[in-house]
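Next come the chains, spelled out residue by residue.
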Amino acid sequence: MNYILHIFILICIYIILSISLNLISGYAGLISVAHAAFYGIGAYVVALLALNLGNYFLLNILCAIILAGILGAIIAIPSLRIHDDYFVIATFGFQIIVFGVMNNWVSLTKGPLGIPGIPQPALFGITISSHLQFLIFTGIFAILTFLFTKRLVNSPFGRVLKAIREDEIFALALGKNVIKYKILVFIIGASIASVAGCLYAWYITFIDPTSFTVQESIFILSIVIIGGTGNLWGSVLGAVVLLTIPEILRFLGMPNAIAANVRQILYGSLLVLFMLYRPQGLLGEFAFKRKG
Amino acid sequence: MLLIASLGIFIVIQNIISLVFGDDTKTLRTGVVKEGINIFGARITPIQIAIILTSLTLFVITSLILAKTKTGKTIRAVANDPELAIIHGIDTNRVILYTFGIGSALAAVAAILISFDVDMVPSMGFFALMMGVVAVIIGGVGSIPGAAFGGLLLGLAQNLGVWKIHSKWQDSIAFAILLLFLLFKPYGFFGRKVKKVQI
């Protein structure tokens, strides 16, 4: 039973991640492979604060959101000068640097050894520790994220994002402050991703840099692309599909060492096939076009 | 988008390699490790000399192909303006296909040489990918001398950086340089200026 609950908890965490990346990549059209960096920042901030300063639930999560937001704004700045592939590469670079900091700043993050024994959060006097409690806890966050983002993309703000995605020059010509919107969407997306990181750190109670690599970023991006860009239900569906398919492999009796590789081969080839034949994803409304 | 699809292929191939050959380090070296040759106080191994010579030769050959032959001309035409290339009767998809072929073959040459110098692990491609991308952007996309110059600059910056900063930060240094370039000189040293805002 705990195994099923575990998968549901992970699905909730990935729904939060994919919805926040969908906001950036699907609605604003800025493809980013730096999402695992923000995810990791959330996890590390919460873990380090809880172990060194005290396990305050709201305060720690707020600190994670603020730090991720600031870094999100910084990564958005290159998007004002560079576009398309160049921007993807810039986010790639940001991801490598953040991973480098997690992996190499040993005195702060304990490097590759990771941080064990992260205390679980206490809310109104109740410590959240069992799988069921965690499922409810992450589920609430996933639903809140969904409702917040839904509200956001249906607002005038969301319409401007779509306008930037479809035709940046046209949005400029209409007098929209494209720069402001791009920075804002990155701040919001990064903040939500850091919340997912907090949940992950609390749930697993152990974090190390290998959970926040470029491969993880590409995985989150493939959830968004396969589920459907510019559609929130698509992100939910993508997270469910991409997290349950590898679990089926487990029941086929595949040894763990092979299953990890097969899992990556699976989502890598899905990503390629979707880019070739259905670039808008399962439920998407917007396709990244080929250049030229 | 091609870039995303290529990241997908990267993941697939890397994992196939690790499935087939295993995750342990493999070596191509035969015989014992010998002391390098002393040239002006610097140590260099014969294989490293071979790497330098091969890369120079390939650099010249690739430049000549791009500059002089008909194939090279069509490649440059497609890069410059795909639509105009189609109008002139160039089969752009075909050109893209064999450009990818040539590029991948060159990468394979680099891979074999590197495997003789240091050993092989399935994830070794990732480092090459990162450094290749950084070198190309620093030098300027679409310029072969630019790529060579970018590679040289990157190698120098990384290895001189080790003087002051611990070598574990090499990757971070490379990408910090990349981010600085993307911010202040996004088209590198020799790159053409491309803008999204083109009317």
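Residues numbered from 1 in each chain as written. Chains lettered and ligands numbered in written order. Predicted model: local features only at pLDDT ≥ 70, side-chain atom pairs only at ≥ 80, totals over all residues.

Quick word on the overall build of chain B
The line we're drawing: In this text, helices come from DSSP runs of H or I with a minimum length of four residues, and strands from runs of E with a minimum of two, each type numbered from the N-terminal end. Burial is judged by counting the other C-beta atoms within 10 Å of a residue's own C-beta: 20 or more makes it buried, 12 or fewer makes it exposed, and any count in between marks it as partly exposed, with every C-beta position built from the backbone. Each residue is represented by a C-beta atom placed from its backbone, and any two residues with such atoms within 7 Å are regarded as in contact.
Within chain B, the secondary structure is distributed over 8 helices and 2 strands. When the helices and strands of chain B are read in sequence order from the N terminus, they spell out α-β-β-α-α-α-α-α-α-α. Across the 199 residues of chain B, 20% fall into the buried class. At a minimum sequence separation of 6, the contacts of chain B that also span at least 24 residues come to 58%.

Overview of the overall build of chain A
To keep it simple, the criterion reads: As a reference, a globule follows 2.2 Å times the number of residues to the power 0.38, and the radius of gyration itself is taken over C-alpha atoms.
Along the backbone of chain A there are 12 helices and 2 strands. For chain A, the N- to C-terminal ordering of α and β elements is α-α-α-α-α-β-β-α-α-α-α-α-α-α. Scaling as 2.2 N^0.38, a compact globule of 292 residues should have a C-alpha radius of gyration of about 19 Å, and chain A matches this with 19 Å. With the principal axes as the frame, chain A shows a C-alpha extent of 55 × 45 × 35 Å. With 292 residues in all, chain A has 50% of them scored as buried.

A closer look at helix 6 (residues 124–139) of chain B
Three- or four-residue spacings in an α-helix give side chains the same orientation, since the helix completes a turn every 3.6 residues. As a reminder, the rule being used: The span expected for a helix works out to 1.5 Å for each residue beyond the first.
Given a rise of 1.5 Å per residue, 16 residues ought to cover 22 Å, and the 23 Å separating the end C-alpha atoms of helix 6 of chain B matches this to within 8%. Of all the residues in helix 6 of chain B, the buried ones are Val134, Ala135, Val136, Ile137, Ile138 and Gly139 of chain B. Where helix 6 of chain B is buried, its residues touch helix 4 (84–104) of chain A together with helix 7 (144–164) and helix 8 (170–184) of chain B.

Topic: the confidence of the model for chain B
The condition is simple: pLDDT is defined as a per-residue confidence score from the predictor, taking values between 0 and 100.
Residue-level pLDDT values for chain B average 81, and 93% of them are 70 or greater. Interface confidence for the predicted complex, given as ipTM, is 0.77, next to a pTM of 0.85.

Some details on the interface of chain B and chain A
Put simply, the rule is: Only Asp, Glu, Lys and Arg are considered charged, only Ala, Val, Leu, Ile, Met, Phe, Trp, Tyr, Cys and Pro nonpolar, and every remaining residue, Gly among them, polar.
On the side of chain A, 34 residues touch chain B, which itself brings 31 residues to the contact. If you tally residues by element for the side of chain B that touches chain A, the top one is helix 1 (residues 2–21) of chain B, at 13 residues. Looking at the side of chain B that touches chain A residue by residue, the class counts come to 24 nonpolar, 4 polar and 3 charged.

Some points on the packing of helix 12 (residues 256–277) of chain A against helix 1 of chain B
Defined as follows: An axis is simply a line fitted to the C-alpha atoms; with a helix, the fit covers only the stretch in contact. Between two such axes, the angle follows the N-to-C directions and lies from 0 to 180 degrees. Note on angle classes: values under 35 degrees are labelled roughly parallel, values over 145 roughly antiparallel, values of 65 to 115 roughly perpendicular, and the remainder oblique. Definitions for this section: a left-handed crossing has its near helix turned counterclockwise from the far helix by less than a right angle. A right-handed crossing has that turn clockwise.
Interhelical geometry of helix 12 of chain A versus helix 1 of chain B gives an angle of 155° and a closest axis separation of 8 Å. By the angle between their axes, helix 12 of chain A is roughly antiparallel relative to helix 1 of chain B. Crossing handedness for the pair helix 12 of chain A and helix 1 of chain B: left-handed. Judged by residue contacts, Ile258, Asn261, Gln264, Ile265, Gly268, Ser269, Leu271, Val272, Met275 and Leu276 of chain A of helix 12 of chain A engage Ile4, Ala5, Gly8, Ile9, Ile11, Val12, Asn15, Ile16, Ser18 and Leu19 of chain B from helix 1 of chain B. Taken together, the residues of the contact of helix 12 of chain A with helix 1 of chain B break down into 13 nonpolar, 7 polar and no charged.

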